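Residues per chain, in single letters:
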Amino acid sequence: MLYDDKQRAKFLDIMKALAISCVLLGHCEFTLPFLKELIYSFHMPAFFIVYGLAYNYNTHLEKGFLKKDFITQKLTRLIVPCFLWGGIYSQLTVKNIIYILYGNQVCFYNAGSLSSLWFLPCMFLGVCFFEGTMTLLNTIELKLKINNKFYFCFGILMSASIAAFAAQFLPDVIIGYPWSLNVAFMALVLIIIGYILKLCIMKYRFLKEGVPWIFCIIMIICLFVVLATFKENLQYISLGNVDMASGNYGNLLLFLVDGVGGTLFLLCIAVLLSKINITWLNGGLEYIGKNTLLVFVLHKPIIKLLEQLLLLLELRRWFLTVPICILTMFISIKLIIVIKRYIPILDGNSTSYPATPDWRLRRTVIFNGHSGHGGKNHLHVCKRDDYK
């Protein structure tokens with residue numbers, strides 16, 4: 001089963017790891033232009049869609065929608081690390097602090113900070129908008145005493161349509177909207193799409209069970225659709241690639257087709273990998289997927305440093321892209337281990353974690369049939385403290 005109420009959906013962590021790997025490839029200057037254009041068509045939408053895929057309606061219904069605890073948690077998890085990393089990458093002048101607090105791509109760039117940090121405030125607004133949407137729909141259901149999935153789905157689709165209209169037609173602002181407010185409406189659209197995809201997976205048994213051949217077919221179809229349409233969308237963009245940060249979507253319909261198609265492609269790969277029992281591979285991807293925020297804020301300077309070293313050696317070759325990304329991920333993981341142990345607030349947490357990733361912690365089972373207890377086998381589980 002892909003979704004289990006008793007445990008975390010591992011395929012979503014694998015999917016997030018694949019998405020952040022695409023981000024690394026997209027930010028590497030050695031990446032082939034064709035591949036970079038392809039990646040930019042879906043790599044940021046994927047993270048918003050994943051949130052919708054992971055959303056548990058019943059859990060939020062029990063705790064209450066858009067409550068103080070929810071907002072506090074999201075502020076701690078997204079906004080606090082955003083401002084801290086914004087300060088780390090910038091010179092802390094009054095002007096730069098104002099830019100960082102304004103929190104969009106242009107302002108982070110003007111502050112000399114990491115421009116990619118725009119994503120975190122935008123995600124915060126997007127999830128709050130989504131939570132507000134679910135609150136409104138639930139309130140309407142209770143007041144009108146409606147218990148029909150059709151009306152709920154209709155309400156979700158109407159909300160997505162209104163958000164898409166707002167994202168497309170809000171007037172341009174030279175410095176951009178605070179916290180990328182205009183992009184947050186498009187983020188809401190993508191989160192809703194992700195939640196609708198989850199409802200579809202939960203409804204059909206062959207999808208919920210992750211039947212491999214079904215997901216292989218979906219993966220192939222999505223690959224062909226994205227390959228056939230992403231170049232077409234670039235014709236509607238005057239300069240560069242698809243860029244959510246600046247609201248540069250091109251044709252809205254093609255943007256959504258590419259964003260959803262590319263995300264489904266990653267989802268299918270993640271499901272297929274979750275079905276393959278390769279502990280080190282799945283464990284590593286799950287660890288990366290659980291720490292995408294830190295990979296996101298760490299990888300750019302590492303990639304730039306590695307690229308500069310290769311340029312000094314006159315080794316600018318496209319086939320070095322994958323080795324650069326693998327080495328960047330390896331260095332990022334080492335830094336993540338240190339940060340989570342000693343400076344967890346940079347990851348949006350108040351408590352530290354063990355320095356060793358879960359996927360490297362061994363658990364062995366030893367059966368002892370000669371322990372002197374009536375000849376019975378006894379089970380001993382070696383915990384993480386048994387391995388130093």
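Residues numbered from 1 in each chain as written. Predicted model: local features only at pLDDT ≥ 70, side-chain atom pairs only at ≥ 80, totals over all residues. Heavy atoms only, no water.

### Concerning the overall build of the protein chain
At step 1: Looking only at helices and strands, the protein chain has 16 helices and two strands in total.
At step 2: Computed over C-alpha atoms, the radius of gyration of the protein chain comes to 22 Å, within 12% of the 21 Å expected from 2.2 N^0.38 for 388 residues, which places it in the range of a compact globule.
At step 3: Dimensions along the principal axes, computed over C-alpha positions, put the protein chain at roughly 80 × 65 × 45 Å.
At step 4: For the protein chain, with 388 residues in total, the buried portion stands at 48%.
At step 5: Taking all contacts inside the protein chain whose residues are at least 6 apart in sequence as the whole, residues at least 24 apart take part in 71%. (Helix = DSSP H or I, 4+ residues; strand = E, 2+ residues; numbered from the N terminus. Rg over C-alpha atoms; globule rule 2.2 N^0.38 Å. Buried < 20%, exposed > 50% of the residue type's maximum accessible area, 1.4 Å probe, protein only. Contact = heavy atoms within 4.5 Å.)

### Description of the confidence of the model for the protein chain
At step 1: Per-residue confidence for the protein chain gives a mean pLDDT of 88, with 91% of residues at or over 70.
At step 2: Strand β1 (residues 365-368) is the least confidently modelled element of the protein chain, averaging 38 in pLDDT, while helix α6 (residues 94-102) averages 97, the highest of any element.
At step 3: Across residues 362-388 the pLDDT falls below 50, and counting only partners more than four positions away or on other chains, this stretch makes 33 contacts in the model. (pLDDT = per-residue confidence, 0-100.)

### A look at the packing of aromatic side chains
At step 1: Overall, the coordinates contain 20 aromatic pairs when judged by the stated rule.
At step 2: Measuring from centroid to centroid gives 5.1 Å for F129 and F185, while their planes differ by 20 degrees, and the two rings are stacked. Taken together, the positions of F129 in helix α8 (residues 119-144) and F185 in helix α10 (residues 181-203) put the pair 56 residues apart, joining distant regions of the chain.
At step 3: Taking the relative accessible area as the measure of exposure, F129 reaches 25% and is therefore partly exposed.
At step 4: Between the aromatic rings of F165 and F169, the centroid separation amounts to 4.8 Å while the plane-to-plane angle is 45 degrees, which identifies the pairing as tilted. In this pair, F165 and F169 both sit in helix α9 (residues 149-169), four residues apart, roughly one turn of the helix. The exposure classification of F165 matches that of F169, with both residues exposed. (Phe/Tyr/Trp six-rings, centres within 6.5 Å; stacked < 30°, edge-to-face > 60°.)

### As for the side chain of K74
At step 1: Examined against the element boundaries, K74 turns out to sit in helix α5 (residues 68-88).
At step 2: At 7.8 Å, E131 is the nearest oppositely charged side chain to K74, a buried residue that forms no salt bridge.
At step 3: If we ignore the near neighbours within four places in the chain, the residues touching K74 are Y51, I79, F124 and V127. (Lys, Arg positive; Asp, Glu negative; His and termini not counted. Salt bridge = Lys/Arg side-chain N within 4 Å of Asp/Glu carboxyl O.)

### With respect to helix α2 (residues 33-40)
At step 1: Every buried residue of α2 is listed here: K36, E37, L38, I39 and Y40.
At step 2: Lining the buried residues of α2 we find α1 (10-27), α3 (43-54) and α12 (212-234).

### Some remarks on the pattern of salt bridges
At step 1: Enumeration over the complete set of coordinates arrives at six salt bridges.
At step 2: With a shortest N-O distance of 3.4 Å, E29 and K304 are connected by a salt bridge. On the criterion of sequence distance, the pair formed by E29 in the loop between α1 and α2 and K304 in helix α15 (residues 292-312) is long-range, its members being 275 residues apart.
At step 3: By relative accessible area, E29 is classed as partly exposed at 39%.
At step 4: Across the pair E209 and R205 runs a salt bridge, and its minimum N-O distance is 2.7 Å.
At step 5: Connected through salt bridges with shared partners, the residues R77, K340 and D347 form a single ionic network.

### Some details on the environment of G283
At step 1: With respect to the secondary-structure elements, G283 resides in helix α14 (residues 279-290).
At step 2: Counting along the chain gives 87 residues from G283 to I196, while the straight-line C-alpha distance between them is 28 Å.

### Observations concerning the environment of T59
At step 1: Within the secondary structure, T59 is located in helix α4 (residues 57-63).
At step 2: The class for T59 is partly exposed, based on a relative accessible area of 31%.
At step 3: Each C-alpha atom, one on T59 and one on K198, is 15 Å from the other, the two residues being 139 residues apart in sequence.

### Examining the packing of α1 against α15
At step 1: Relative orientation of the contacting elements α1 and α15 amounts to 30 degrees, with a least axis distance of 10 Å. By the angle between their axes, α1 is roughly parallel relative to α15. In terms of crossing hand, the pair formed by α1 and α15 is right-handed. Packed against α1, whose contacting residues are K16, I20, V23, L24 and H27, the element α15 presents T292, V295, F296, H299, K300, I303, K304 and E307 at the interface.
At step 2: Of the residues that constitute the contact of α1 with α15, the class distribution is six nonpolar, three polar and four charged. (Axes fitted to C-alpha atoms, helices over the stretch in contact; angles between N-to-C directions. Parallel < 35°, antiparallel > 145°, perpendicular 65-115°, else oblique. Left-handed = near helix turned anticlockwise from the far one by under 90°. Nonpolar A, V, L, I, M, F, W, Y, C, P; charged D, E, K, R; others polar.)

### A short note on the environment of G259
At step 1: Turning to its location among the elements, G259 is positioned in helix α13 (residues 252-275).
At step 2: By relative accessible area, G259 is classed as buried at 0%.
At step 3: Taking the C-alpha atoms as reference points, G259 and L190, separated by 69 residues in sequence, lie 8.5 Å from one another.
At step 4: Setting aside anything within four residues of it in sequence, one finds G259 in contact with S41, F42, P45 and I49.

### Brief notes about α3
At step 1: Between the first and last C-alpha of α3 there are 17 Å, a value that for 12 residues agrees with the 16 Å anticipated at 1.5 Å per step.
At step 2: Of all the 12 residues making up α3, 11 are buried; the element is thus mostly covered by neighbouring parts of the structure.
At step 3: Among all positions in α3, only H43, M44, P45, A46, F47, F48, I49, V50, Y51, G52 and L53 are buried. (Expected span 1.5 Å × (residues − 1).)

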